[in-house]
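Tertiary structure, described
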Amino acid sequence: MRPATRPASLRIVKRGSDDTTTDISPLSAGGVANAAAQDKFCSSTTCLITIIYDQSGRGNHLKQAPPGGFKGPEANGYDNLASAIGAPVTLNGQKAYGVFMSPGTGYSNNAASGTATGDEAEGMYAVLDGTHYNGACCFDYGNAEVSSTDTGNGHMEAIYYGDNTGWGSGAGSGPWLMADLENGLFSGSSSANNAGDPSLSYRFVNAVLKGGPNKWAIRASNAASGSLSTYYSGARPSASGYNPMSKEGAIILGIGGDNSNGAQGTFYEGVMTSGYPTDAIENSVQANIVAAKYATTSLTSGTALTVGSSISLRATTTGYTTRYIAHTGATINTQVVSSSSTTALKQQASWTVRAGLANSACFSFESVDTPGSFIRHVDFSLVLAANDGTKLLYEDATFCPQTGISGQGSSIRSWSYPTRYFRHYENTLSIASNGGVHDFDSATSFNDDVSWVVSTGFA
Ligand code: AHR
Ligand code: AHR
């Protein structure tokens, strides 16, 4: 159970400019994935992670999850693929990318070999972003049904991370590490609340789960320092179907066993084993992860923004270059604005830069004429909304600008959906992906429509 190479997210990425793919391999054997090669391949376009490579030699690669009990948002019910750039980190100072998974995103392998089936023992760990989660079902990594459907209690055994309270829960308000054993997220011996399972707030979490005949355990730690704590180690749940288990051996990432795909989270690396690892082996894996020195790194590039300043954002698409991002009531649109426009219009097209409400490494944009209201996305459309103090508003209103994809200005990436950028489409604003199911996801003119010149605000 020793991580040979990290992050496990060595991957194939596909770029939007020509739909070609490339392998992103480690810089050296046992090293981290080559972020510079990815940055070069993906420069001036968008990139998605199409395959996450298994490094065990078994070929258990993870691919875009198919529809199951629930459909995903892509064509034919597939789940979304993750952006290649949503989760940058450094390991021992060297840049690497994890897998930032928005609601709707999922990977799986329904024909894995060598994974535990039936009541066989297994272990697993995953390094996750402990601050990126939600309460939907289910941000999981581990063993699940080969049909992507709910085939009954005990047909899964996967790490769950989030603050879902529909099944089990732990102390405080979450997020918690729990075990998804199908039709139940288990935090300890009770199928409901277990006060021994603490809320976690580490930026990097090492989440550990193992299960064998009538025993299972959950353990976790700060992946950047210290050692693992055991939150539960004991007998299987007494409810019917969990003892013995009926594991099926598929592998999922970011979704529930039935392709429930409303959850979000970030995966950096992980391993599944056959056999029940000893605590000592898990402790040595934790030491190895700590030695890799996970650290955060910049989420932004492009035109520098100063918190507290007022900016205006001008479209760059030919034929639209006199238009700026503005609001008409709650609608965010583009309007023709100039120095001779009315004060009211100038204010509608001016935005106060704030530290990102969900992540201070990014930004939020507050209306100059309606203080307390921010640009957020709802159903992928941008709207002006009063700050209601909710985690969802904070996340929907946080954006990470980067160097303009067209080469001009900045492209304003959604923090919570990093495949999506501020885009004008028929003069209204959405967060759009480069190709996809909505009209505003059209790949035609995408690079220009998502590139904005940032200037001092009109007002
Ligand atoms: O066990 C929790 C969830 O219940 C599983 O992930 C899913 O398959 C079912 O909806
Ligand atoms: O938003 C204006 C234009 O509408 C965009 O350039 C184009 O994508 C769409 O037709």
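As the structure is a prediction and not an experimental result, all values here were calculated from the model.

What follows is about the overall build of the protein. If you tally the helices and strands in the protein, you get five helices and 32 strands. Here the C-alpha atoms of the protein give a radius of gyration of 22 Å, agreeing with the 23 Å that 2.2 N^0.38 yields for 459 residues. Burial analysis of the protein (459 residues in total) assigns 55% to the buried set. If you take every contact in the protein between residues at least 6 apart in sequence, the share linking residues at least 24 apart comes to 65%.

This next bit is on the site of ligand 1. Around ligand 1, the structure places 13 residues, and the nearest of them are Asp180, Glu182, Asn183, Gly184 and Asp258. Glu182 has a polar side-chain atom sitting 2.9 Å from an oxygen atom of ligand 1. Measuring from an oxygen atom of ligand 1, one finds a backbone N or O atom of Gly184 at 2.9 Å. Within the complex, 95% of the 280 Å² of free accessible area of ligand 1 lies under protein. Here the residues of the shell around ligand 1 are counted per class, giving four nonpolar, five polar and four charged.

All right, on to the site of ligand 2 then. Around ligand 2, the neighbouring residues are Thr317, Tyr320, Arg423, His424, Tyr425, Glu426, Asn427, Ser445 and Asp449. Protein chains shield 84% of the accessible area of ligand 2, which is 290 Å² for the free molecule. With three residues, the top contributor of residues to the shell around ligand 2 is strand 30 (residues 421-425). In terms of residue class, the shell around ligand 2 is made up of two nonpolar, four polar and three charged.

Position of Thr46 among the secondary structure elements: in the loop between helix 1 (35-41) and strand 3 (47-52). Here Asn434 takes part through its side chain, which lies 3.0 Å from a polar atom of the side chain of Thr46. Ignoring anything within four residues of it in the chain, the contact list for Thr46 reads Lys14, Arg15, Gly16, Ile405, Tyr421, Asn434 and Phe446.

Attention shifts here to helix 2 (residues 279-292). Between its first and last C-alpha atoms helix 2 spans 20 Å; for 14 residues at 1.5 Å apiece the expected length is 20 Å, and the two agree. The elements touched by buried residues of helix 2 are strand 6 (88-91), strand 10 (122-129), strand 15 (204-212), strand 16 (215-222), strand 19 (265-274) and strand 20 (294-296). Following helix 2 by one or two positions, Lys293 adopts a phi angle in the positive range, close to 55°.

Of the pairings in the sheet, the one linking strand 21 (residues 310-315) to strand 24 (residues 351-355) comprises two bridges and is antiparallel in character. Among the inter-strand pairings, Ser310 is bridged to a residue of strand 24, identified as Thr352. Pairing analysis gives five bridges linking strand 21 to strand 32 (residues 452-456), with the strands arranged antiparallel. By the bridge assignment for strand 32, Arg314 is matched with Val453.

The subject of this paragraph is the environment of Thr342. Mapped onto the elements of the fold, Thr342 is located in the loop between strand 23 (331-336) and helix 3 (343-348). Measuring from C-alpha to C-alpha, the distance between Thr342 and Phe139 comes to 49 Å, with 203 residues separating the pair along the chain. At 3.1 Å, the side chain of Thr342 forms a polar contact with the backbone nitrogen of Leu345.

Quick look at the packing of aromatic side chains now. On inspection of all chains with the given rule, the structure shows 14 aromatic pairs. Linked through ring pairs, Phe204, Tyr268 and Tyr294 together constitute an aromatic cluster. Above the plane of the ring of Phe204 lies Arg203, whose end atom (NZ or CZ) is 4.6 Å from the centre.

Attention now goes to the environment of Ser108. One can find Ser108 in strand 9 (residues 107-109). For the pair Ser108 and Ser148, spaced 40 residues apart in the sequence, the C-alpha separation amounts to 8.9 Å.

Let's shift gears to the state of the cysteines. If you walk through the whole model with that rule in mind, you get three disulfides. There is a disulfide in this structure between Cys137 and Cys138, and the S-S distance comes to 2.1 Å. Across the S-S bond of Cys137 and Cys138 the torsion is about -100°, and the bridge reads as left-handed. Linked covalently through their sulfurs, Cys362 and Cys400 form a disulfide whose S-S length is 2.1 Å. Negative torsions about the S-S bond denote left-handed disulfides, and the value of about 95° found for Cys362 with Cys400 makes this one right-handed.

Before going further, it helps to spend a moment on the confidence of the model for the protein. Of all residues in the protein, 97% attain a pLDDT of 70 or more, and the chain-wide mean is 96. Long-range and interchain partners of residues 1-6, a stretch whose pLDDT sits below 50, account for 30 contacts in this model, where long-range means more than four residues apart. On the interface metric, ipTM, the complex scores 0.78, and its pTM is 0.96.

Ranked by internal contacts, the top residues of the largest apolar core, which has 43 residues, are Tyr107 and Ile159. Counting residues in each nonpolar core, the second largest holds 28 residues, with Leu313, Phe380, Leu429 and Phe440 among its members.

What follows covers the pattern of salt bridges. Scanning the entire structure with this criterion turns up 15 salt bridges. The residue Glu122 makes a salt bridge to Lys247 at a minimum N-O spacing of 3.9 Å. You can see Glu122 sitting in strand 10 and its partner Lys247 sitting in the loop between strand 17 (229-234) and strand 18 (250-253), a full 125 residues away along the chain. Comparing Glu122 with Lys247, the two get one shared label, buried. The closest approach of N and O atoms between Asp449 and Arg423, which form a salt bridge, is 3.0 Å. In this pair, Asp449 is assigned in helix 5 (residues 446-449) and Arg423 in strand 30, connecting sequence segments 26 residues apart. Neither residue differs from the other here; Asp449 and Arg423 are each classed as buried. Each member of the salt-bridge network shares a partner with another, and the members are Glu122, Glu157, Arg236 and Lys247.

Read from one edge of the open sheet, six strands run 8-19-10-15-16-17, paired in antiparallel fashion. Both outer strands of the open sheet, strand 8 (99-101) and strand 17, are each paired with one neighbouring strand and no more. Sheet twist, expressed as the mean angle between neighbouring strand axes with direction ignored, is 25°. One ladder, built from seven bridges, connects strand 10 with strand 19; its direction is antiparallel. Looking at strand 19, one finds that Met124 is bridged to Met272. Where helix 2 meets the sheet, its contacts fall on strand 10, strand 15, strand 16, strand 17 and strand 19, and the angle it forms with strand 16 comes to roughly 25°.

Thresholds applied
Position numbers for residues count from 1 along each chain, tracking the sequence in the order it is written. Going through the entries in the order they are written, you letter the chains from A and number the ligands from 1. For a predicted model such as this one, the threshold for reporting local features is a pLDDT of at least 70, and the threshold for listing and counting side-chain atom pairs is 80 or more; totals across whole chains, interfaces and linings nevertheless cover every residue. Water and hydrogen atoms play no part in the side-chain values, which are based on all heavy atoms of the structure. The helix count covers DSSP runs of H or I at least four residues long, the strand count covers runs of E at least two residues long, and both are numbered beginning at the N terminus. Our radius of gyration is a C-alpha quantity, and the globule rule it is checked against amounts to 2.2 Å times the number of residues to the power 0.38. Exposure classes here rest on a 1.4 Å probe applied to the protein chains alone. A residue is buried below 20% of its type maximum, exposed above 50%, and partly exposed in between. Contact between two residues is taken to exist if any of their heavy atoms lie within 4.5 Å; hydrogens are not considered. We define proximity as follows: a residue is near a molecule or strand when any one of its heavy atoms falls within 4 Å of that partner. Any pair of N or O atoms that falls within 3.5 Å is considered a polar contact. Within protein, one atom must be able to donate a hydrogen and the other to accept it, and sequence-neighbouring residues count only if both atoms are side-chain atoms. For the area figures, the Shrake-Rupley method with a 1.4 Å probe applies, and any residue is considered shielded solely by the protein chains shown. Amino acids outside the nonpolar list (Ala, Val, Leu, Ile, Met, Phe, Trp, Tyr, Cys, Pro) and the charged list (Asp, Glu, Lys, Arg) are all regarded as polar, and Gly is one of them. To estimate the expected span of a helix, count its residues, drop one, and scale the result by 1.5 Å. By definition, two strands form a pair when at least two bridges between them are found by DSSP. Two rings from Phe, Tyr or Trp (for Trp, the six-membered ring) form a pair when their centres are within 6.5 Å of each other. A pair whose planes differ by under 30 degrees is stacked, one over 60 is edge-to-face, and the rest are tilted. A ring is considered to have a charge above it if a Lys NZ or an Arg CZ atom is located within 6 Å of its centre and within 35 degrees of its normal. Note on disulfides: each one is a pair of cysteine sulfur atoms within 2.5 Å. Think of pLDDT as the predictor's per-residue confidence, scored from 0 to 100. Within this scheme, the nonpolar core is defined by two criteria: the residues are buried Ala, Val, Leu, Ile, Met, Phe, Trp, Tyr or Cys, and they are joined through side-chain atoms within 4.5 Å. Just to be clear on terms, a salt bridge is a Lys or Arg side-chain nitrogen sitting within 4 Å of an Asp or Glu carboxyl oxygen. Helix axes are fitted to C-alpha atoms over the stretch in contact, other axes to C-alpha atoms as well, and angles between N-to-C directions run from 0 to 180 degrees.

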